[in-house]
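Remarks on the overall topology
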Amino acid sequence: MKKYENILFDLDMTLLDFNTCEYNALKKTFFSYGVEIDGEKHKTYAVINDGLWKRLERGEIVKKDLGPMRFKMFLDYLDISEDPSVIDKQYKDNLSLEAVLMDNVKETCEKLSKDYNLYVITNGTDYIQKSRMKLSGLNPFFKGMITSDEAGFPKPQKEFFDFFFNKTKADKSSCLIVGDSLTSDILGGVNYGIDTCLISDNKPSGEIQPDYYVKSIDFLINLLQQ
Ligand SMILES: [Mg+2]
């Protein structure tokens with residue numbers, strides 16, 4: 001296989017188990033309002049939140065509005081009258097303390113860090129993602145992290161990658177993007193001319209196609225050694 005020098009990892013659902021982090025943070029946030037968040041409520045929140053992140057990726061909404069918008073919708077669903085901006089801040093603070101790893105991530109990153117420069121590229125709030133990376137114990141294996149907050153644009157937009165390459169001076173042809181999202185990680189790489197690897201249970205069948213796909217992160221080691 002082509003020799004890469006830099007691996008650009010997405011953070012959520014690639015390195016960190018965002019579903020569990022989100023669920024824990026929601027439970028903590030709403031506990032103080034006497035509301036118990038169960039799997040059903042979490043699912044409703046996640047659908048609202050994912051929909052808004054997709055709109056952000058497409059440039060239809062701006063980042064500062066996303067947080068209050070999702071909690072406005074979720075509070076309406078729960079039939080609670082609280083200030084969505086206040087809840088959003090509390091939720092973000094709780095989320096910043098959640099760093100549950102996906103399976104086999106630490107061992108894989110440790111191994112790969114011996115042969116490759118590892119970076120995190122994430123659509124997320126700067127202080128939250130920095131705090132979670134620190135708590136995850138992964139920082140020693142990574143050369144750096146670029147957040148969409150810092151770049152001013154989210155993946156898959158071209159400006160996000162312009163920012164990454166300006167900052168790291170990495171050579172585009174030596175990079176491989178690894179992530180779980182076709183619409184941000186893989187599409188971003190395809191449009192920018194960077195090789196991509198999707199982590200997914202199923203081989204993608206749609207229009208957006210990665211160069212490689214693996215079922216879980218540990219398969220990357222074999223893939224890169226081929
Ligand atoms: Mg992701």
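Residues numbered from 1 in each chain as written. Predicted model: local features only at pLDDT ≥ 70, side-chain atom pairs only at ≥ 80, totals over all residues. Heavy atoms only, no water.

1. Here's the deal with the overall build of the protein
Counting secondary structure elements, the protein contains 10 helices and 6 strands. Projected onto the principal axes, the alpha-carbon positions of the protein cover approximately 55 × 35 × 35 Å. By residue count, 49% of the 226 residues in the protein fall in the buried class. Excluding contacts between residues fewer than 6 apart, the proportion of contacts in the protein whose partners are at least 24 apart in sequence is 63%. Counting only carbon and sulfur atoms, one obtains 51% of the accessible surface of the protein, whose full area is about 11,000 Å². Here the protein contributes 29 positively and 36 negatively charged side chains, and the mean placements of these two sets differ by 4 Å. (Helix = DSSP H or I, 4+ residues; strand = E, 2+ residues; numbered from the N terminus. Buried < 20%, exposed > 50% of the residue type's maximum accessible area, 1.4 Å probe, protein only. Contact = heavy atoms within 4.5 Å. Areas by Shrake-Rupley, 256 points an atom, 1.4 Å probe, with all protein chains shown as cover. Lys, Arg positive; Asp, Glu negative; His and termini not counted. Charge placed at Lys NZ, Arg CZ, Asp CG, Glu CD.)

2. A look at the coordination of the magnesium ion
Surrounding the magnesium ion are the protein donor atoms Asp-10 (OD), Asp-12 (O) and Asp-180 (OD), which sit 2.1 Å from the metal. Donor residues for the magnesium ion, ordered by position in the chain, follow D-x1-D-x167-D. Taken individually, Asp-10 and Asp-12 each receive the classification buried, so the pair is uniform in this respect. (Donors = N, O, S within 2.8 Å, 3.2 Å for Na, K, Ca; no water.)

3. Focus: helix H3 (residues 63-78)
Taking 1.5 Å per residue as the helical rise, H3 with its 16 residues ought to reach 22 Å, and the 24 Å between its terminal C-alpha atoms agrees with that figure. Those residues of H3 that fall on the buried side of the exposure criterion are Leu-66, Gly-67, Arg-70, Phe-71, Phe-74, Leu-75 and Leu-78. The buried residues of H3 occupy one face: seen down the axis, they fall within an arc of 145°. On its buried face, H3 is in contact with helix H1 (18-31), helix H2 (39-57) and helix H4 (84-95). Trailing H3 by a residue or two, Asp-79 shows a phi angle of about 60°, which is positive. (Expected span 1.5 Å × (residues − 1). Arc of directions from axis to C-beta.)

4. A closer look at the domain arrangement of the protein
The domains assigned to the protein are domain 1 (6-16 + 100-225) and domain 2 (18-95). Distance between the C-alpha centres of domain 1 and domain 2: 24 Å. Each partner contributes to the interface: domain 1 provides 18 residues, whereas domain 2 provides 16 residues. Buried surface at the junction of domain 1 and domain 2, summed over both partners, amounts to about 1,300 Å²; 57% is from carbon and sulfur atoms. Linking domain 1 to domain 2 there are 1 salt bridge. Asp-149 is paired through a salt bridge with Lys-63; the nearest N and O atoms lie 3.1 Å apart. Applying the counting rule to domain 1 against domain 2 returns 6 residue pairs in polar contact (both at pLDDT 80 or more). (Domains from an automatic or database assignment. Buried area = accessible area lost by both parts, 1.4 Å probe. Salt bridge = Lys/Arg side-chain N within 4 Å of Asp/Glu carboxyl O. Polar contact = N/O pair within 3.5 Å; in protein donor to acceptor, adjacent residues only side chain to side chain.)

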